[in-house]
Amino acid sequence: QEQLVESGGGLVQAGGSLRLSCAAPGRIFKNYALGWFRQAPGKEREFVAAITWGGDPYYINSEGGRFTISRDNAKNTVYLQIDSLKPEDTATYYCAATASSMAVSASRYDYWGQGTQVTVSS
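Conventions used here
Residues numbered from 1 in each chain as written. Predicted model: local features only at pLDDT ≥ 70, side-chain atom pairs only at ≥ 80, totals over all residues. Heavy atoms only, no water. Pairing = 2+ DSSP bridges. Helix = DSSP H or I, 4+ residues; strand = E, 2+ residues; numbered from the N terminus. Axes fitted to C-alpha atoms, helices over the stretch in contact; angles between N-to-C directions. Core = buried A, V, L, I, M, F, W, Y, C linked by side-chain atoms within 4.5 Å. Buried < 20%, exposed > 50% of the residue type's maximum accessible area, 1.4 Å probe, protein only.

Novice: Any details on the sheet that holds strand E7 (residues 67-72)? Residues and values, ideally.
Specialist: If you trace the 4 strands from one edge of the open sheet to the other, you get E1-E3-E8-E7, paired in antiparallel fashion. Two strands in the sheet have a free side with no partner beyond their single neighbour: strand E1 (5-7) and E7. Averaged over all pairs of adjacent strands, the angle between their axes in this sheet comes to 20°, without regard to strand direction.

Written out as structure tokens, the structure reads:
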């Protein structure tokens, strides 16, 4: 079963940075757009960022440049850099893949990872 595998979460202080990684099977990495979502306790899963197979990024508008998504084609890995972390960034972060060229709705994504926990202390 093809699977996405996230890593890089952890406990950080507010103002710090984290880089999340998502390793994908080659078939998915080369043919799908890849996105990051997050879900805080009691809240719905929300879109954070996505990147097309061609490398074009797309971000949720409200984050003011704190998120950077990138992909390493040699490693079949997509990254999410989060800077100036805030306590409200605390959530489980999920990597996902969509056959669409770009999508912000979770329902458009076909493959999901198990999630990595990010906890930001104040």
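Novice: Tell me about the nonpolar core, residues and numbers included.
Specialist: In this structure, Trp36, Val78, Leu80 and Tyr93 are the most contacted members of the largest nonpolar core, which totals 27 residues. Elements with a contribution of two residues or more to this core: strand E3 (18-23), helix H1 (26-31), strand E4 (33-39), strand E5 (46-51), E7, strand E8 (77-82), strand E9 (91-98) and strand E11 (116-121). Among the elements that take part in this core, E9 stands out by supplying 4 residues, more than any other. Among the nonpolar cores identified, the runner-up in size contains 6 residues, and Phe37, Ala50, Ala103 and Tyr109 belong to it.

Novice: Kindly report on unusual backbone geometry, identifying the contributing residues and their values.
Specialist: Glycine aside, residues mostly have negative phi angles, and peptide bonds mostly take the trans form. Phi is positive for Asn76, which is not a glycine, with a value near 50°. Structurally, Asn76 is set in the loop between E7 and E8. Phi is positive for Ser84, which is not a glycine, with a value near 50°. On the accessibility criterion, Ser84 (41% relative accessible area) is partly exposed.

Novice: Can you tell me about the pairing of E3, naming the residues and giving the values?
Specialist: Sheet analysis places E1 next to E3, joined by 3 bridges and oriented antiparallel. From the neighbouring strand, Val5 faces E3, where its bridge partner is Ala23. Strand direction decides the pairing type here: E3 and E8, joined by 6 bridges, are antiparallel. Across the sheet, Ser21 pairs through a bridge with Tyr79, a residue of E8.

None of this, on its own, says anything about what the molecule does.
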